[in-house]
Amino acid sequence: MKKWSWMVLVMSVFLTAGIALASSGHGHKDPKKVGILLVAFGSSEASAQVSFENIDKKVKAAYPSIPVRWAYTSHIIREKLAKQGKQLDSPEVALAKMLDEKFTHVAVQSLHTIGGAEYHDLRKTVGAFKSMDGFQKVILGYPLMATQKDMERTVDAILATLPKKREKNEAVVLMGHGTHHPSNAFYAALMFQLQLKDSNIFVGTVEGYPDVELIKSMMLKKKIKKAYLVPFMSVAGDHAKNDMAGDEEDSWQSIFTQAGIKCVPILKGTAEFAEFVDIWVDHVGGPLGHF
Ligand code: CO
């Protein structure tokens, strides 16, 4: 063996031993301390705070003895808010702080809608903390829609929170975010399951499939004259205000209006309704059940 490779070997042994010693607290196990880390994409819109506060309240009510922390996955939004003097943690920073505060078991709860790119990035972060000799357990909970049961609960939540009195030629268009991630298929699956109950409910996305043109053609085929536009995102933020209900000619409202469909935007995020929040809150029970 060459001299340098010995040195690398010796150094890595020392490093591993050092990390193990530091985290094991000289051999004794730290007392069990359970925490919840809620992770949202984030929003720079002040109105989005309603959604976050609502979730915070519900999680604390469901698990009153467990401390709750927050983290936000969007770098852009964290930077934007930092300029306004609001320091928000990334999941990495929040987990490091919780390690520092001697939490031993952490339920990381994704507040994303589907298991898309943001969710899988979060899964990688949680995985890194798992493989580190720090927490005894750190587990990620499912986003809003993961299992078939989640899909059914989401369908029920949507039906329960939509305007009830609608004529035959009136529709509801939900605006999902959409993603290049394979999980984008959830949106079309959701529309299929919604339409089994009400064929005038459509699900489109800003950045994925189904897109706005497809939804427009589906509505025209059904001779829809009026559509409620509803964000299918946890907060009614920038996408809802601008891409959905904005004045620009490429907003959904403008595109549908051009096609002769009267639009009624409803600017409320899913996290403002108990029906949806309950699903996320129940998902926290997944990781907690393993502690
Ligand atoms: Co976006």
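With an unreviewed UniProt entry as reference, the chain is termed Sirohydrochlorin cobaltochelatase CbiKP, source organism Desulfosarcina widdelii.

### What to know about the overall build of the chain
Across its full length, the chain holds 11 helices and 8 strands. Here the chain holds 291 residues, and the buried ones make up 46% of them. Look at the contacts in the chain between residues 6 or more apart in sequence, and 76% of them connect residues 24 or more apart. Carbon and sulfur atoms make up 59% of the accessible area of the chain, which totals about 15000 Å². Between the centroid of the 35 positive side chains of the chain and the centroid of its 31 negative side chains there is a distance of 4 Å.

### Let's talk about the coordination of the cobalt ion
Within the first shell, the cobalt ion binds the protein through H177 (NE2) and H239 (NE2), at distances of 2.0 to 2.1 Å. Separated by 62 residues along the polypeptide, H177 in the loop between strand 5 (170-176) and helix 7 (185-195) and H239 in helix 9 (residues 238-244) bring together distant segments of the chain.

### Thoughts on the environment of S43
As for its position among the elements, S43 is in the loop between strand 1 (34-40) and helix 2 (48-62). A sequence separation of 75 residues divides S43 from E118, and the C-alpha atoms of the two residues are 14 Å apart. Setting aside residues no more than four positions away along its own chain, S43 makes contact with A48, F52, I77, L81, V235 and G237.

### Regarding the domain arrangement of the chain
Frequently, the measure chosen for interface size is the accessible area that the parts lose on association. Once the domains are mapped, the chain shows domain 1 (3-145 + 274-288) and domain 2 (148-269). On the domain 2 side, the residues contacting the 23 residues of domain 1 number 24 residues. In total, about 1800 Å² of surface goes out of reach between domain 1 and domain 2, with carbon and sulfur atoms giving 65% of it. In this structure, the connection of domain 1 to domain 2 is made through 1 salt bridge. Across the salt bridge formed by D282 and R153, the nearest N and O atoms sit 2.8 Å from each other. The interface formed by domain 1 and domain 2 contains 5 residue pairs in polar contact (both at pLDDT 80 or more).

### Looking at the pattern of salt bridges
Think of it this way: side chains of opposite charge can pair up when their charged atoms draw near. Applying the stated rule across the entire model yields 10 salt bridges. Taking the shortest distance from any N to any O, the salt bridge between K197 and D156 comes out at 3.7 Å. Taken together, the residues span a long stretch of sequence, with K197 in the loop between helix 7 and strand 6 (201-205) and D156 in helix 6 (residues 148-161) at a distance of 41 residues. Owing to a relative accessible area of 55%, K197 belongs among the exposed residues under this scheme.

### Quick word on a negative patch on the surface
A cluster of acidic residues, D247, E248, E249 and D250, forms a negative patch at the surface. Relative to the helices and strands, D247 resides in the loop between helix 9 and helix 10 (252-258).

### Structural notes on the sheet that holds strand 6
Read across the sheet, 4 strands follow the order 6-5-7-8 without closing on themselves; strand pairing throughout is parallel. Every other strand in the sheet has two partners, leaving strand 6 and strand 8 (262-265) as the edge strands with one partner each. Direction aside, neighbouring strands of the sheet carry axes that sit 25 degrees apart on average. Bridge count for strand 5 against strand 6 is 5 bridges, and the pairing is parallel. When the bridges of strand 6 are listed, V172 appears paired with I201. Contacts from helix 8 (residues 212-221) reach strand 5, strand 6 and strand 7 (226-231), with the element oriented near 160 degrees to strand 6.

### Observations regarding the sheet that holds strand 3 (residues 105-110)
Spatial strand order, 2-1-3-4: 4 strands in an open sheet with parallel pairing. Each edge of the open sheet is held by one strand with a lone partner, namely strand 2 (68-72) and strand 4 (137-141). Taking each pair of neighbouring strands and ignoring which way they run, the sheet shows an average axis angle of 20 degrees. Strand contacts of helix 5 (residues 117-131): strand 1, strand 3 and strand 4, with the helix running at about 170 degrees to strand 4, the strand carrying the most contacts.

Criteria and cut-off values
Residues numbered from 1 in each chain as written. Predicted model: local features only at pLDDT ≥ 70, side-chain atom pairs only at ≥ 80, totals over all residues. Heavy atoms only, no water. Helix = DSSP H or I, 4+ residues; strand = E, 2+ residues; numbered from the N terminus. Buried < 20%, exposed > 50% of the residue type's maximum accessible area, 1.4 Å probe, protein only. Contact = heavy atoms within 4.5 Å. Areas by Shrake-Rupley, 256 points an atom, 1.4 Å probe, with all protein chains shown as cover. Lys, Arg positive; Asp, Glu negative; His and termini not counted. Charge placed at Lys NZ, Arg CZ, Asp CG, Glu CD. Donors = N, O, S within 2.8 Å, 3.2 Å for Na, K, Ca; no water. Domains from an automatic or database assignment. Buried area = accessible area lost by both parts, 1.4 Å probe. Salt bridge = Lys/Arg side-chain N within 4 Å of Asp/Glu carboxyl O. Polar contact = N/O pair within 3.5 Å; in protein donor to acceptor, adjacent residues only side chain to side chain. Patch = residues over 30% accessible without salt bridge, like charges linked within 9 Å, V, L, I, M, F, W, Y side chains within 5 Å. Pairing = 2+ DSSP bridges. Axes fitted to C-alpha atoms, helices over the stretch in contact; angles between N-to-C directions.

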